[in-house]
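Report on the structure
Here's the letter readout for the chains.
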Amino acid sequence: MSLLELANVSKEFDLGGSTRVYALDDVSLSVNAGETLAIIGESGSGKSTLGRLALRLIEPTRGSVRFEGTDVLALSAAELRKLRAKLQIIFQEPFESLNPRMRVADIIGEPLAIHRSKMSVQDRRARVARVIEQVGLTPDMAKRYPGELSGGQQQRVGIARAIVTEPSLIVLDEPTSSLDLSVRAQILQLLADLQAELGMGYLFISHDIHTVRYVSDRIAVMYRGRVVETGPSEQVFADPQHPYTQALLAAALPVDPDQQLPPARLVGDPLSPTQRAHGCVLYGRCPVGEDRCIQTEVRLVPVAVDHEVACVKPGASGG
Amino acid sequence: MSTLDALRRPRQQPAAPDGGGAGRRLLEVRGLTTRFDTPDGLVHAVNGVDFYVDRGEIVGVVGESGCGKSVTIRSILGLVRPPGRVVDGTAYFDGVDLLGLRGADLRRLRGKEIGFIAQNPFSALNPVMRIHRQFANIMAAHGVKSDGEARDRARAALADVGIAGPDRVLDGYAHQLSGGMAQRVVIAMAMLLNPAFVVADEPTTGLDLTVQRQILDLIRRLVREHGQSMLLVTHDLGVVAQYCDRVVVMYAGKVIEHGTVRQVLNDPRHPYTQALIRAIPRPGQPLVHLTGRLPDLVNYPAGCPFRARCPHAFEPCGHIVPDAVTMASGQTYWCHLRQEKEEVG
């Protein structure tokens, strides 16, 4: 059984008048225990909306969200609170997600106070100390305030706070995007170590291809509110089938100066999010688009085991 | 080159080191030092930076946040505002020391001789002025008084950056443009007077990846077509690898290594450059990362600024600032750890 299962989820935001933002359009995906599903996409792809929806921080317009078999959308507020101990989130900006007036130990211990209210003060303190060590902070940092820590240390506090209640799934929303390269590597290593040790599932949201390739088991490529390609990471990276995935991979600049850069594939800018695409969402920017791409609904279809692509002629623009 | 000629002093003093003038070298920065006077103390943002740009080159300046790369180019362009000030150094541009120029002269030089592309296109565009008026103002400041001619040239400049319906853009406002379109407009403005030198400060950082690729391809094409030189500031080694000829690596307000992109990325000599390259996630390879953090720029450390995070630090690193080690290839780095065989001077 999947840990997290989103089925046919759509989310529209009403901006007043007749203006609507189509943030998510009929998205289905699942995350299993101990695995990392990476959601990759650019701004406006709907990837952050998806992460918030998985935790029911926002409600979908249509579709269902199940966590460990439970219908998350049917839960009462109290039941939902209980669930949050098992389902955590780590945000992009560590500093903005930490209360600047609380000490590190209190920030990390707060979820325990909420979710394990019967835990003794002594046990709680021991648990916090253990987690501080697990995320690679030193014990003396427990008494500090977030403002006294570096960006990397702040993100370690965010991670400690997320794992303190022993969740089975963590949504990571661009957890390393605001960090410098040398610090980013430390945090990715820590996340990998913690997953190996604790067996958590990760829903890892990112726009950074190098990072996604490094961390993920499976990948879902999003563009303008839809999943356009999904499959095992190695396979998608080795043999991308959707013209958007191909363009995205071609846009990641290799650090090796001797590696030839493939030609840029897409033209123009993405559609405005208030325009609802008929047919394929990439139509207009796609190098191989044709009339039928907007005359029919374009949905995910399997091209290999576990590998699905939403394109009328997958693989057509070359790998 | 009339603006420059007027500023160039009679040749009683060497115009620029290494020949300068009409030679190969377009920009030579020496000993650039910039400080910020803050309530917490004097911030040592840029500390004796040396580098150069030759004609026809695209030179990348790379480093992590706080390394001083943006302050360096802002110092050269006269864009550092109080409490910041340039306290030392020279920046010879085609024989003229930019750091010695008065504000009005420098402003004249920017635009005509030096084009600037900022990170955020929306901060570079006036939000309440139609785009065509902004183009006309730039041209009016440089002698194009006729509105008709200004419009023709603006249209051509927009066509050059791949904007299909230039009139629609010219008659509109900045907020009607997407990020990619706005950056194209800023690039067109920077290129308008065909400057010899273009400075771009993280020109694609806020843009989507697929759009970033389009913009970088565009900038490079224009620079090469017009025979310009460019200084491209970035934190992304992929941008350096694919779009630059040479690279300058900065750490804690100092240049710690420079050379051709191939030299520096394929054979990095400074332990920090090595760490930066190893920190890029690669599938199937363990991540190698740095511990520790940037030194305090107020209480700037003695010796090598990378010492506290360096896996190879030894006795002299703590109190002696390393001299430049220049290899036969020209690749230069600042580190006490020098292998005798590679060293020439």
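Please read these numbers as outputs of a predicted model, since none were measured by experiment.

**Describing the overall build of chain A**
From N to C terminus, chain A includes 10 helices and 12 strands. Summarising its shape, the C-alpha atoms of chain A cover approximately 65 × 50 × 40 Å along the three principal directions. Every one of the 319 residues in chain A was classed for burial, and the buried ones make up 52%. Across chain A, the fraction of contacts at a sequence separation of at least 24, relative to all contacts at a separation of at least 6, is 65%. Carbon and sulfur atoms make up 49% of the accessible area of chain A, which totals about 13700 Å². Across chain A, 34 positive and 38 negative side-chain charges occur, with their mean positions spaced 7 Å apart.

**Overview of the overall build of chain B**
If you tally the helices and strands in chain B, you get 12 helices and 12 strands. Along the longest, intermediate and shortest principal axes, the C-alpha atoms of chain B span 70 × 60 × 45 Å. With 345 residues in all, chain B has 55% of them scored as buried. For chain B, the share of sequence-separated contacts (at least 6 apart) that also reach a separation of at least 24 residues comes to 65%. About 14400 Å² of surface is accessible on chain B, with carbon and sulfur atoms providing 51% of the total.

**Quick look at the pattern of salt bridges**
One pass over the structure, following the stated rule, counts 36 salt bridges over all chains. Across the pair R62 of chain A and E12 of chain A runs a salt bridge, and its minimum N-O distance is 3.0 Å. Residue R62 of chain A is found in strand 4 (residues 62-67), and its partner E12 of chain A is found in strand 1 (residues 4-14); the two are separated by 50 residues along the sequence. E57 of chain B is the salt-bridge partner of R246 of chain B, the closest N and O atoms lying 2.6 Å from each other. Highlighted residues: R246 of chain B in strand 9 (residues 246-251) and E57 of chain B in the loop between strand 2 (41-54) and strand 3 (58-62), separated in sequence by 189 residues. Since its relative accessible area comes to 12%, E57 of chain B is described here as buried.

**A few points about the interface of chain A and chain B**
Taken residue by residue, the interface counts 42 residues in chain A and 40 residues in chain B. The junction of chain A with chain B conceals about 3300 Å² of combined surface from both sides, 56% of it contributed by carbon and sulfur atoms. Area buried by chain A at its contact with chain B is led by L181, L253 and V255 of chain A, which between them contribute 19% of it. At the boundary of chain A and chain B, one finds 1 salt bridge. Taking the shortest distance from any N to any O, the salt bridge between R262 of chain B and D258 of chain A comes out at 2.4 Å. Linking chain A to chain B there are 10 residue pairs in polar contact (both at pLDDT 80 or more). Looking at the side of chain A that touches chain B, the elements that each hand over two or more residues are helix 6 (181-198), helix 7 (209-215) and helix 9 (243-251) of chain A.

**With respect to the pairing of strand 1 of chain A**
Residue and element names in this part refer to chain A. The pairing of strand 1 with strand 4 spans 5 bridges and is antiparallel. Paired with S10 across the two strands is R62, which belongs to strand 4. Two strands pair when backbone bridges link them, and strand 1 and strand 2 (residues 20-31) are joined in this way by 8 bridges, in the antiparallel orientation. Across the sheet, the residue bridging to L4 is V31, located in strand 2.

**Focus on helix 6 (residues 147-160) of chain B**
Residues spaced three or four apart along an α-helix point in a common direction, a consequence of the helix completing one turn every 3.6 residues. Residues and elements named next belong to chain B. For helix 6, built from 14 residues, the straight-helix expectation of 20 Å at 1.5 Å per residue is met to within 8% by its first-to-last C-alpha distance of 20 Å. Among all positions in helix 6, only A150, A154, A157 and L158 are buried. Seen from one end, helix 6 has its buried residues packed into an arc of 95°, which puts them on one side. Looking one or two residues past helix 6, G162 carries a phi angle of roughly 85°, positive in sign.

**A short note on the UniProt feature "domain: ABC transporter" (unreviewed entry) in chain A**
Taking the UniProt record as the reference, the feature "domain: ABC transporter" (unreviewed entry) is found at residues 4-249 of chain A. Strand forms 26% of residues 4-249 of chain A and helix 38%; the C-alpha atoms that close the span are 27 Å apart.

**Some words on the sheet that holds strand 1 of chain A**
Residue and element names in this part refer to chain A. Strand order in the open sheet formed by 4 strands is 2-1-4-5, and the pairing between neighbours is antiparallel. Two strands lie at the open edges of the sheet, namely strand 2 and strand 5 (70-71), each paired on one side alone. Pairing analysis gives 2 bridges linking strand 4 to strand 5, with the strands arranged antiparallel. Bridge pairing in strand 5 links F67 to T70. The sheet strands contacting helix 1 (residues 47-54) are strand 1, strand 2 and strand 4, and the helix crosses strand 1 at an angle near 120°.

**Quick look at the nonpolar core**
Membership of the largest hydrophobic core comes to 109 residues, with the highest contact counts inside it found for I108 and I159 of chain A together with F135, L158, V185, I187 and L237 of chain B. Ranked by residue count, the leading element in this core is helix 8 (residues 179-191) of chain B, at 9 residues. In this structure F135 of chain B touches A154, A157, L158, L170, V185, A188, M189 and L192 of chain B, once residues within four positions along its chain are discounted.

**With respect to the UniProt feature "domain: ABC transporter" (unreviewed entry) in chain B**
The residues that UniProt annotates with the feature "domain: ABC transporter" (unreviewed entry) are residues 27-277 of chain B. Spanning residues 27-277 of chain B, this segment combines 41% helix with 28% strand, and its end C-alpha atoms are found 27 Å apart.

**What to know about the confidence of the model for chain B**
Low pLDDT marks stretches whose predicted atomic positions should not be read closely. Residue and element names in this part refer to chain B. Summing up the model confidence of chain B, the mean pLDDT is 88 and the portion of residues at 70 or higher is 92%. Note that pLDDT drops below 50 for residues 10-21; the model gives that stretch 15 contacts with residues more than four away or on any other chain. In the predicted assembly, ipTM is 0.76 and pTM is 0.82.

**A few points about the packing of aromatic side chains**
Residue and element names in this part refer to chain B. Under the criterion given, the structure shown has 5 aromatic pairs over all chains. Where Y251 meets F306, the ring centres are 5.2 Å apart and the plane angle is 85°; that geometry is what we call edge-to-face. Remark: F306 occurs in the loop between helix 12 (271-278) and strand 11 (324-326) and Y251 occurs in strand 9; sequence separation between them is 55 residues. For the residue pair Y251 and F306, the accessibility class agrees, reading buried in each case. Ring-pair connections join several aromatic residues into one group, and the members of that group are Y251, Y272 and F306. Sitting over the ring of Y52, R25 keeps its end group 3.6 Å from the ring centre. Sitting over the face of the ring of Y52, R246 holds its NZ or CZ atom 3.9 Å from the ring centroid.

**What to know about the pairing of strand 7 (residues 197-201) of chain B**
Across a regular strand the side chains alternate sides, sitting on one face of the sheet and then on the other. Residues and elements named next belong to chain B. Of all 5 residues in strand 7, 5 are buried; the element is thus mostly enclosed. Every second residue of strand 7 is oriented toward a common face, with F197, V199 and D201 on one face and V198 and A200 on the other, all of them buried. Bridge count between strand 6 (residues 114-117) and strand 7: 4 bridges; the pairing is parallel. Looking at strand 7, one finds that G115 is bridged to V198. Of the pairings in the sheet, the one linking strand 7 to strand 8 (residues 229-234) comprises 5 bridges and is parallel in character. Considered in strand 8, the bridge of V199 is made with L231. The parallel pair strand 7 and strand 8, bridged by helix 9 (residues 209-225), forms a crossover whose chirality is right-handed.

What counts and how
- Residues numbered from 1 in each chain as written.
- Chains lettered and ligands numbered in written order.
- Predicted model: local features only at pLDDT ≥ 70, side-chain atom pairs only at ≥ 80, totals over all residues.
- Heavy atoms only, no water.
- Helix = DSSP H or I, 4+ residues; strand = E, 2+ residues; numbered from the N terminus.
- Buried < 20%, exposed > 50% of the residue type's maximum accessible area, 1.4 Å probe, protein only.
- Contact = heavy atoms within 4.5 Å.
- Areas by Shrake-Rupley, 256 points an atom, 1.4 Å probe, with all protein chains shown as cover.
- Lys, Arg positive; Asp, Glu negative; His and termini not counted.
- Charge placed at Lys NZ, Arg CZ, Asp CG, Glu CD.
- Salt bridge = Lys/Arg side-chain N within 4 Å of Asp/Glu carboxyl O.
- Buried area = accessible area lost by both parts, 1.4 Å probe.
- Polar contact = N/O pair within 3.5 Å; in protein donor to acceptor, adjacent residues only side chain to side chain.
- Pairing = 2+ DSSP bridges.
- Expected span 1.5 Å × (residues − 1).
- Arc of directions from axis to C-beta.
- UniProt positions renumbered as here; feature names shortened; annotations may be inferred.
- Axes fitted to C-alpha atoms, helices over the stretch in contact; angles between N-to-C directions.
- Core = buried A, V, L, I, M, F, W, Y, C linked by side-chain atoms within 4.5 Å.
- pLDDT = per-residue confidence, 0-100.
- Phe/Tyr/Trp six-rings, centres within 6.5 Å; stacked < 30°, edge-to-face > 60°.
- Lys NZ or Arg CZ within 6 Å of the ring centre and 35° of its normal.
- Right-handed = clockwise from strand over helix to strand, strands pointing away.

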